[in-house]
Amino acid sequence: MNKYWREGEPMVWATGAALALTLMIAATLIIVVMVNGLGVFWPADLTLVTLKNGNQVLGEVVQREATASGEGERLQFKIGNRDLYGLDFAWIDEADIEKTQKPKTAMVLERMEHGNFYGTLQNVSAPGLNGHSPQALKQLMAQAAEKTKSLEAFDEQIAELNRRTAKLEHQKQKLFHDSPEKNQDAIATLDRQIETIRGEFEQLMTRQDAASAELHQYTATFSDASGTDKMIAAAEIVRYYQPNDMNVFEKGFLYLARVVELFIGEPRESNTEGGLFPAIFGTVMLIFLMSMFSFPLGVIAAIYLREYAKDGTVVRLVRIAVNNLAGIPSIVYGIFGLGFFVYGIGSGLDQFLFPERLPNPTFGTGGILWASLTLALLTVPVVIVATEEALGAIPAGIREGSLALGSTKFQSLVRILLPMASPGIMTGLILAMARAAGEVAPLMITGVVKLAPALPLDGTFPFLHLDRKFMHLGFHIYDIAFQSPNVEAAKPMVYVTTLLLVLIVLLMSSVAIYLRNKMKKRYTYGTF
Amino acid sequence: MNEQPNTGATPAIDARKVNFYYGNSQALHNISLSFPHRQVTALIGPSGCGKSTFLRCLNRMNDLVDGARVEGQILLGDTDINSAAMDVIELRRRVGMVFQKSNPFPKSIYENVIYGLRIAGVKDPRVLDAAVETSLKGAALWDEVKDRLQQSALGMSGGQQQRLCIARAIAVNPEVILMDEPCSALDPKSTARVEELIGELRQNYTIIIVTHNMQQAARVSDHTAFLYEGLLVEHGLTKKIFMKPKNKQTEDYITGRFG
Amino acid sequence: MDKKVLRRIKGRDRLARYVITIGGMAIIASVILILLMIGNVTLPLFQQPTAESLATITLDASPGRTAPLAVDVDEYLETAVTFSADGVFAFYATNSGALIETIPVAPPESPTAIPTQVTVDAPMTFSILWSDGSLSEEQIRFVPQFDPQGQRTFLRQRLRKASFPPPREGMPLQSLARVASDRQVRVDLLADNRLKVSQVVIETDIFDNEERAEHTTFLTDANSAITALTLDSQGLALYAGTANGTLLHWNLAEAGTPKLMSKVSALNDNQRITALAMILGDISLVAGDEQGRLSSWFPVRLEKNATEKRLTRIHRLAKHDSAITAIIQSRRDKTLASLDAEGVIHLDHMTSERHLLSLDSPQPINQIALAPRGNGLIGLDAHGQLQLWSINNPHPEISLKSLFAKVWYESYDEPALVWQSSSGSDDFEPKFSLTPLIFGTLKGTFYAMLFAIPIALYGAIYISQFGSSRLRQWVKPAVEVMAAIPSVVIGFLAALWLAPKLEKAVPALFLSVIFIPVALVLAIFLWQWLRRYRPLKTVERGYEFIAIAPVLLLAIAAAIVLGPIAEHWFFAGDFKLWLFNEAGHRYDPRNSIVIAFALGFAVIPIIFTIAEDALSNVPASLKAASLALGASRWQTVWRVILPSASPGIFAGIMIGLGRAIGETMIVLMATGNTPIIDLSIFNGMRPLSSNIAVEIPEAPFGGTLYRVLFLSAVILFVLTFCLNTVAEVVRQRLRKKYGRF
């Protein structure tokens, strides 16, 4: 017994406890994200409670906890109907509840604005359509969807006109900047063209207004738990369902539909609802651009350091410096990106390429190009270190063997060394990409925005708009968790975004680490 | 300095007064040594005596070492290998090398053998196929691997890998093959195979072999040179050196009193 | 070998060597150099301001023209203005020196009166004391016009804003006036050392009927000759300095009843106060004396919670060699220009106490004015020539002292370390102390490391020395993957999941700090008994931590259950209230405990990985030797392995520290971001990193805030760079020692 303590066996257990604690914290993090993120899209049942004072409340039960006084429990309801009540959630003491029901007719409406509506269908009203059954609602939605389609066609036409106008305006700006007198005629011509387009535009607008007014005749009336009627236009309704009347498969189907919407849909309600498509797209494009810069630069620099530079004090110092750069805080890179890329190079480019748009900046403000360059700078050391290590791990004999056969250094590099180092280089690149995917601080000051009007890649010339601002999953989390007006209502979306980001990053780094460990094993052959 | 053994022919490589420096320290002192055509010369001596360094001078592998410097002449045919007239690539193709540790590339057996041809721009598959067969046969490996030419060279045994390296070296048809302790990492059976192979290769190639193993030197070589602390102590026909060395140090080394 | 092929491959090799060498060097150099450019942005902060003589203008010498009583210059430094004793404004183009225009001013009362004294109250606003004792406030306006060619020209207009009749008490020695829309104030220093305050309050009712109420009071508080006078810009406070060094301060806000606020002996050697002026913002007063000393003053509460305030000396500025004759405030910031009897001009910044510039002109200067944007200074020299300087003075408020040491800011009761970069008003005194931010960084890092180091190190020791190798294959990559979890995710969970939970369960946290070790000890005792059973003993071969996990969970669960009970007993049922009442600390839900967990969690994988590498690379022979000598496995680790691996462990800690210092998103999200200096764990902080993220969107390019934020980035850069370099050097040593790592 005494010996057991003297030999320090308890300390072994203490170290084990530390490891257990580490893994438990990590597991907690993952579990919290999973539980909160995976459950968001599952259609919860609607509960109708009748209180002792006769009031009725309809909503989803979110959580229950002990009341402040310590006696009994209270329930948090998501009551929705933000436009009617002004708040999304209500706490109800269990003691106040008279009766709890799950009415099959209770309906959830996901709307374009004001969040969910919880209530029951009263009646449906549209030209040539009247009724109060769910079938009628289905018909209404189908008809409204067709109308919406024609409206979208208008939208496209209008957007096209806008693009043309913007182009002409830009030409005019250019001419004006050049010399207003000399280009008088050309400017006048442009003005006339713009005027013509404006005419077309107005016509279109009138027609669209008419179509829109027609669409708004397709409405349905719902009543909430307290019996207040609310007329809602069909165009406002994204989706409707009666959760208490659905079986598991129907719910599962709805779940999948929502997941699909998450990936391809646009955000709604200041990003707290709807899809993440622009953010996913922005993240992917950012990583892609970043890799295009950091991968070749990092690899070339590493090849130079390892294969070409004379190994001396300078190279050693450079190597230490490069290793260190990987540990420099990302915000430092961010502020550098702002000062050097945005204000330095960007403003310079504007002077040179787009003087007619000044003082409105084109490149002299944050954008995806500058953000990706900043991230590239941040990840170049990671790629350099990984490539150098991979090259350094190749046994010297291989290099000598190749040279002894009369190959040049470059031939050895291309035919033997780089293929051998490629897993290591890939690992570095993937780690760099994972880091870029999760990095937010430098992006915040170099061009990420909460809502980008347009994607950095689209169908209008020149297709790739490197000057545009973009959205990013990581910033999305920060933004909706901290900047949205209604944090509580935004939470589900934050968790979903978090889950997605964590999955992406963990997947990427797992692959990288797997590759690296595999590579480590492979190289051991050199030492027999 | 030393009596030159009479070989009757012009040497394949003739080193004259070679001094070699790593930075400020001199590793080889005034070594003059010639290697006769199509014969095996063994370089022996204790660790750190400079035999590997000398060997690596012969195909300028020491160029890769920072701060290395050679003085004196090393003639391959009529050209000084360190002169501008000799291209290092050309030199290494003419003077092949096999290393202590076998170092096959992580490629297929086939690709390993033809690596030297590929980098020289040979593309004709018939030429390549023929070269693989001749080289592997030359390295006495053909029968063992002819059915798995496309498999990775890393899957071979240690002895096979070393013979593959020899095949790789002879595929470019060199005049001289340098061998830097080719058997030190091999088991006795593989060693015997490689020694046998050296015996066959001497028909066509001039071979210079560095070895630690006295018996091996005695078995495979025609000439032997004993180096000690960067100096060439004694040089002559292997029989002579092993039977009655002139120098006391040589005798002590050969009889195993030091080294 | 084919010569052509040889040439081709050699050519390619040369090209590749060329490209890679140039490219590689360029990439590395640029990566390092461009980071150095951050430093370059901050350099202007510390540059000494410069002045450049723009023009020397010879004054109009037409007959009847007399010497100027006042000079001024417009905001573009294009036009210089003089007002001469014959009552004429003269305008000179500064680029050519030519006289552009003259505008005569008629006396307000007696037509024969001539100007005797002129003060410049505001840019292009002159108050003129006439020889009959009347006072007029004249303003010059520049109205821009565009001629048909699109050239900009100015139409110069003179406007009389107000005039005051002569005092009945005779010609005053000195007069000051202020004119606002609802009040007009005139203060006269009478020959008998009394101050006459004449105030006109104009009340306008909703029908636009004006009602003027006049109040006249005499102030006789001065016990020695009044030698300097000044009014604030609104005419609400009057300051006087006397021949024996007394400063007096009256509040004129109540018309008709001026109130003496302070009367202090400013200079203990009874020197004469020769000049007074207000600093932009109307809070600080600057006094100059006949010795050439300059000091700033404002009312300060003498004791905590006292209502009474007294004029107190706040800053001492660089001394002149002779008596101060004039002090001019800058209209842009807290800079002031002062002129002495020898004609030397000083430019000083009050808050930073920086002496910015001394301007020496060949001829002594006896009149000065500062351009409205603070970018120019005009003076009239003894030869009657105007001297115009352009002044490059972009960041006068920054000095090492104002960045790091305590500074006594306006309206503060004592010197303090404050970060407050901006405010709504233009005359705000920006407070750029980096100390609270550095403190915040260190505080957050300290608590995080306190949490992370033991856990990470112990975990690394376990997995590298005691854990089974199969376990290791899984745990090590798992921890490495942990390192990749984006900090925004950790920050979000810390702020919106952990912080609210913790807020309710602080006592439970305290309990678990006690419960976990206790449970551990109990579990070990229990184990002594359990390990008799053979199958269980296999756990000791590297699976202990799995057996320990439920114990930890139990301890934490127990703490959570018992937490409210403990809160009831010890903290009267509400910990936060107790904390505030008993200890005087506020409980901030986003506090250091949350940071310790979140930041610690971000750092653990880094320290863990590097320490684990170091530990498992200690040669197995060392371990075997120790075990063979009969040492237990813990003794081996403690006495043999740990010392050998200590450089690697040290490196891991350094790199973890660097990460914690620079981490931005976690602290941005999980702290209150209040820049205060407070060690309490129940309070938040604002570190350098999140400060940059918070403030940079508001910082105008090239401004002081912008550069100060870059400076904080430089500090972060240097800090982390040093830490990483130390770690890297140590690691390389270790690598040499054990071959590989």
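Located above this text is the structure these notes cover.
Reference entry: report on the structure contained in this document. (Residues numbered from 1 in each chain as written. Chains lettered and ligands numbered in written order. Predicted model: local features only at pLDDT ≥ 70, side-chain atom pairs only at ≥ 80, totals over all residues.)

### Some points on the overall build of chain A
Where we set the bar: Numbering of helices and strands starts at the N terminus; helices are DSSP runs of H or I of at least 4 residues and strands are runs of E of at least 2. The reference for a compact globule is 2.2 Å times residues^0.38; the radius of gyration itself is calculated from the C-alpha atoms. To sort residues by exposure, count the other C-beta atoms lying within 10 Å of each residue's C-beta; 20 or more gives buried, 12 or fewer gives exposed, and values between give partly exposed, all with C-beta atoms placed from the backbone. With C-beta atoms placed from the backbone, a contact is any residue pair whose C-beta atoms sit within 7 Å.
Across its full length, chain A carries 15 helices and 13 strands. For 528 residues, the compact-globule formula gives about 24 Å, and the C-alpha radius of gyration of chain A, at 31 Å, lies well above that figure. Burial analysis of chain A (528 residues in total) assigns 41% to the buried set. Here the analysis covers contacts within chain A between residues at least 6 apart in sequence; of these, 69% occur between residues at least 24 apart.

### A short note on the sheet that holds strand E19 (residues 285-289) of chain C
All names here are of chain C. Put simply, the rule reads: Pairing between two strands is assigned when DSSP locates at least 2 bridges connecting them. Angles shown run from 0 to 180 degrees and are taken between the N-to-C directions of axes, each axis being a line fitted to C-alpha atoms and, for helices, limited to the stretch in contact.
Spatially, four strands are ordered E18-E19-E20-E21 in an open sheet, and the strand pairing comes out antiparallel. Both outer strands of the open sheet, strand E18 (273-278) and strand E21 (309-317), are each paired with one neighbouring strand and no more. Strand-to-strand twist in this sheet, taken as the mean axis angle between neighbours without regard to direction, amounts to 30°. Sheet topology note: the strand E20 (residues 294-301)/E21 ladder contains eight bridges and is antiparallel. In the sheet register, serine 296 faces E21, and the bridge partner there is histidine 315.

### What about the sheet that holds strand E9 (residues 152-164) of chain C?
Residue and element names in this part refer to chain C. Taken in spatial order, the four strands line up as E6-E7-E8-E9 in an open sheet, and their pairing is antiparallel. Strands with a single pairing partner mark the edges of an open sheet, and in this sheet they are strand E6 (115-122) and E9. Strand-to-strand, the axes of this sheet are offset by a mean angle of 25°, without reference to chain direction. Inspection of the sheet shows E6 paired to strand E7 (residues 125-130) by six bridges, in the antiparallel sense. In the strand pairing of E7, valine 118 is matched with isoleucine 128.

### A word on the interface of chain A and chain C
Using the following cut-off: Following the grouping adopted for this structure description, the nonpolar residues are Ala, Val, Leu, Ile, Met, Phe, Trp, Tyr, Cys and Pro, the charged ones are Asp, Glu, Lys and Arg, and the polar ones are all others, Gly among them.
Each partner contributes to the interface: chain A provides 77 residues, whereas chain C provides 84 residues. A total of 19 residues in the side of chain A that touches chain C trace back to one element, the largest contributor, which is helix H2 (residues 9-38) of chain A. Class assignment of the residues belonging to the side of chain A that touches chain C gives a composition of 56 nonpolar, 17 polar and four charged.

### Section: the environment of Arg272(C)
Residue and element names in this part refer to chain C. By the element assignment, arginine 272 lies in the loop between strand E17 (259-265) and E18. Separated by 30 residues in sequence, arginine 272 and threonine 242 place their C-alpha atoms 6.2 Å apart. The contact partners of arginine 272, leaving out residues within four places of it in the chain, are Thr227, Ala243, Gly245, Asp289 and Glu290.

### So, the interface of chain B and chain C
The figure often quoted for interface size is the accessible area lost as the parts come together. Listed per partner, the contact involves seven residues of chain B and six residues of chain C. The element best represented in the side of chain B that touches chain C is helix H2 (residues 88-94) of chain B, accounting for three residues. Of the residues contributing to the side of chain B that touches chain C, the split by class is three nonpolar, one polar and three charged.

### Notes on the packing of helix H10 (residues 592-616) of chain C against helix H12 (residues 633-662) of chain C
All names here are of chain C. Threshold: Any angle that falls under 35 degrees is termed roughly parallel, while one over 145 is termed roughly antiparallel, one within 65 to 115 roughly perpendicular, and all others oblique. A clockwise turn of the near helix away from the far one marks a right-handed crossing, whereas an anticlockwise turn of less than a right angle marks a left-handed crossing.
Following both chains from N to C, one finds H10 and H12 inclined at 150°, their axes separated by 8 Å at the closest point. It follows from the interaxial angle that H10 and H12 lie roughly antiparallel. Considering how the two elements wind past one another, H10 and H12 form a crossing that is right-handed. Here Leu599, Ala602, Val603, Ile606, Ile607, Ile610, Ala611, Asp613, Ala614 and Leu615 of H10 lie close against H12, whose contacting residues are Ile641, Ala645, Gly648, Ile649, Ala651, Gly652, Ile653, Ile655, Gly656, Arg659 and Ala660. The residue inventory of the contact of H10 with H12, partitioned by class, reads 16 nonpolar, three polar and two charged.

### Concerning the nonpolar core
For clarity, the threshold we go by: Linking buried Ala, Val, Leu, Ile, Met, Phe, Trp, Tyr and Cys residues through C-beta atoms within 7 Å yields a set, and such a set is a nonpolar core.
Ranked by internal contacts, the top residues of the largest apolar core, which has 294 residues, are Ile335(A), Ala494(C), Ala598(C) and Ile607(C). With 18 residues, the top contributor of residues to this core is helix H3 (residues 435-466) of chain C. Aside from chain neighbours lying at most four places away, what touches Ile335(A) is Ile445(A), Ile38(C), Ile692(C), Ile696(C), Leu709(C), Phe710(C) and Ala713(C). In terms of nonpolar packing, the next biggest core, distinct from the first, is built from 90 residues, Ala70(C), Ile140(C), Met278(C) and Leu285(C) among them.

### Some remarks on the packing of helix H4 (residues 134-178) of chain A against helix H5 (residues 184-215) of chain A
All names here are of chain A. At their nearest, the axes of H4 and H5 sit 9 Å apart, and the two run at 165° to each other. If you check the angle between H4 and H5, you find them roughly antiparallel. Like other packed secondary-structure pairs, H4 and H5 cross with a definite hand, here left-handed. Tallied by class, the residues present in the contact of H4 with H5 amount to 17 nonpolar, eight polar and seven charged.

### Description of the pairing of strand E7 (residues 117-126) of chain A
All names here are of chain A. Sheet analysis places strand E6 (residues 107-111) next to E7, joined by three bridges and oriented antiparallel. Across the sheet, leucine 109 pairs through a bridge with phenylalanine 117, a residue of E7. Taken together, E6 and the strand that follows it, E7, pair antiparallel across an intervening segment of five residues, in which histidine 114 is found at a positive phi of about 65°. Here five bridges tie E7 to strand E9 (residues 219-223), and the two strands are oriented antiparallel to one another. If you follow serine 125 over to E9, its bridge partner there is threonine 219. Where E7 lies against strand E8 (residues 129-131), three bridges are found, and the strand directions are antiparallel. Residue pairing across strands places serine 125 opposite asparagine 130, the latter belonging to E8.

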